[in-house]
Amino acid sequence: MITEIAPAPQRLAAEPARPRKKRRSWDEVPRRQIYVPLSIYLLFTLIPFYWILLFALRPAGSTSLVPWPMTFDHFEKVWNERAFGTYFQNSVLVGVATLVMTTLVALAGGYALARFNFRIKKAFMLALLCTQFVPGALLLVPLFEIFANLRMINSLASVIIAETVFQLPLSMILISGFIRNVPYSLEEAAWVDGCNRFTAFRIVVLPLLRPGLIAVGSFAFVHAWNHFLFALMFLSDQSKQTIPVGLNTLMSADSVDLGALAAGGIIAAVPVVIVFAFIQKWLITGFSAGAVKG
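Residues numbered from 1 in each chain as written. Predicted model: local features only at pLDDT ≥ 70, side-chain atom pairs only at ≥ 80, totals over all residues. Heavy atoms only, no water.

(A) Layout of the overall build of the chain. Of regular secondary structure, the chain possesses 12 helices and zero strands. In sequence order, the chain lays out its α and β elements as α-α-α-α-α-α-α-α-α-α-α-α. Sorting the 294 residues of the chain into buried and exposed places 36% on the buried side. Counted over contacts in the chain with a minimum sequence separation of 6, partners at least 24 positions apart contribute 72%. Roughly 19,500 Å² of accessible area belongs to the chain as shown, and the carbon and sulfur atoms make up 67% of that amount. (Helix = DSSP H or I, 4+ residues; strand = E, 2+ residues; numbered from the N terminus. Buried < 20%, exposed > 50% of the residue type's maximum accessible area, 1.4 Å probe, protein only. Contact = heavy atoms within 4.5 Å. Areas by Shrake-Rupley, 256 points an atom, 1.4 Å probe, with all protein chains shown as cover.)

(B) Quick peek at the pattern of salt bridges. Enumeration over the complete set of coordinates arrives at one salt bridge. A salt bridge links Glu-187 to Arg-115; the shortest N-O distance between them is 2.6 Å. Here Arg-115 lies in helix 3 (residues 84-115) and Glu-187 lies in helix 7 (residues 184-192), a separation of 72 residues in the sequence. For the pair shown, Glu-187 and Arg-115 are each scored as buried. (Salt bridge = Lys/Arg side-chain N within 4 Å of Asp/Glu carboxyl O.)

(C) Broad picture of a nonpolar patch on the surface. On the surface, Tyr-50, Trp-51, Leu-65, Val-66, Trp-68, Met-70 and Phe-72 cluster together into a nonpolar patch covering about 820 Å² of accessible area. As for its position among the elements, Trp-51 is in helix 1 (residues 31-57). (Patch = residues over 30% accessible without salt bridge, like charges linked within 9 Å, V, L, I, M, F, W, Y side chains within 5 Å.)

(D) Examining the confidence of the model for the chain more closely. With 85% of its residues at a pLDDT of at least 70, the chain reaches an overall mean of 81. No element of the chain has a lower mean pLDDT than helix 12 (residues 258-290), at 76, and none a higher one than helix 3, at 91. Every residue in residues 1-6 scores below 50 in pLDDT, and together they form zero contacts with partners more than four places removed in sequence or on other chains. (pLDDT = per-residue confidence, 0-100.)

(E) Seen up close, helix 8 (residues 197-205). Regarding helix 8, the residues found buried are Thr-199, Ala-200, Phe-201 and Val-205. Those residues of helix 8 that are buried lie in contact with helix 3 and helix 7.

(F) Region of interest: the packing of aromatic side chains. Going through the model one piece at a time under the given rule, you end up with 12 aromatic pairs. Judged by centre distance (6.1 Å) and plane angle (45 degrees), the rings of Phe-72 and Phe-75 are tilted. By relative accessible area, Phe-72 is classed as exposed at 52%. When its relative accessible area of 18% is taken as the criterion, Phe-75 is described as buried. (Phe/Tyr/Trp six-rings, centres within 6.5 Å; stacked < 30°, edge-to-face > 60°.)

(G) Looking closely at the packing of helix 4 (residues 121-131) against helix 6 (residues 156-180). Running from amino to carboxyl end, helix 4 crosses helix 6 at an angle of 130 degrees, the nearest separation of the two axes being 8 Å. The angle between the axes of helix 4 and helix 6 places the two elements in the oblique class. Residues Phe-124, Met-125, Leu-128, Leu-129 and Thr-131 of helix 4 touch helix 6, and the partners they reach there are Pro-169, Met-172, Ile-173 and Arg-180. Along the lines of polarity and charge, the residues of the contact of helix 4 with helix 6 split into seven nonpolar, one polar and one charged. (Axes fitted to C-alpha atoms, helices over the stretch in contact; angles between N-to-C directions. Parallel < 35°, antiparallel > 145°, perpendicular 65-115°, else oblique. Nonpolar A, V, L, I, M, F, W, Y, C, P; charged D, E, K, R; others polar.)

(H) Quick look at the side chain of Thr-98. With respect to the helices and strands, Thr-98 occurs in helix 3. Ignoring anything within four residues of it in the chain, the contact list for Thr-98 reads Ile-160, Glu-163, Thr-164, Ala-220 and Ala-224.

(I) A look at the environment of Ile-175. By secondary structure assignment, the location of Ile-175 is in helix 6. According to the relative accessible area criterion, Ile-175 is buried, its value standing at 2%. Each C-alpha atom, one on Ile-175 and one on Val-216, is 7.7 Å from the other, the two residues being 41 residues apart in sequence.

(J) Structural detail: the environment of Val-94. Considering the arrangement of structural elements, one finds Val-94 in helix 3. Considering only alpha carbons, one finds Val-94 and Glu-163, 69 residues apart in sequence, at a separation of 8.7 Å. Sequence-distant contacts of Val-94, defined by excluding residues within four places in its chain, comprise Leu-156, Val-159, Ile-160, Ala-224 and Thr-242.

(K) Summary view of helix 6. Taking 1.5 Å per residue, 25 residues should reach 36 Å; helix 6 reaches 35 Å between its end C-alpha atoms and fits that length. A bend of about 45 degrees at Leu-168 is the largest found in helix 6, and the proline Pro-169 appears one to four places after it. Most of helix 6 sits out of view: 19 of its 25 residues are buried. (Expected span 1.5 Å × (residues − 1). Bend = angle between axes of the 7 residues up to and from the residue.)

(L) Looking closely at unusual backbone geometry. Unlike most non-glycine residues, Arg-151 shows phi in positive territory, near 55 degrees. Structurally, the position occupied by Arg-151 is in the loop between helix 5 (140-149) and helix 6. Phi at Asn-154 takes a positive value of approximately 65 degrees, unusual for a residue other than glycine. Among the structural elements, Asn-154 can be located in the loop between helix 5 and helix 6.

(M) Structural view of the side chain of Thr-242. For Thr-242, the location among the structural elements is in the loop between helix 10 (229-234) and helix 11 (243-249). Look at Thr-242 and you get buried, because its relative accessible area is 5%. For Thr-242, the residues in contact, after removing those within four places along its chain, are Tyr-87, Asn-90, Ser-91, Val-94 and Ala-231.

Structure follows, in structure tokens:
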């Protein structure tokens, strides 16, 4: 019997290996995936600012969505009739004094925490951190009693002292972290050259702390500029009030002057925006350097 032999199966050619997909790097991400979310976020952020400008610059009673014709009557009203010029001066005085006192005391305390070891150092650092969890409103009554006994009620000094005390814990922690990043050998080299500790600190260390000092000082200034409770509780005379309290006087139980309130808000915001625009480089460097342990 003759059997038919099946032809041998032909060997299939090996398929070429498929190239692996390259993992897309950040630089290769389509720009629309970056710019579209950022644009939406920017729009969401800028709409409230535009709304404030709209109420501040358009005439009273107007319902236009464009501030035209433009008027500055609201600014003139709050600056002259509502004494915002006096409030502005008081806020500048409180902010600058708080900045100077906080920076000086935090500089001394931060240097001690960074360069000296003592028994209760860890407990002291823990106490500084715990004070950040205590709201200022909780201490209004005891602070009022203290300032009343010292006859400091209705004085800008009471607000300055209270603001400085509440800013010191965080400021000392930031400054100490920044000083730790300065090599200790630099001070030792200055001592070898004949400098004492204070002179070595002033000549060698202090110039290197400029970003940290700017960060701490700006944070203290902005907090003192915007804080409402201390000025409301400790100051009763209208001629000594600050801008946050002045903004509160523009609102009553019956009505709110939206144009004047918006103009006062812009007056309160512009100095802070200008300060941050000039110091943003130093501010970011200072906070990032003071937040890590060297």
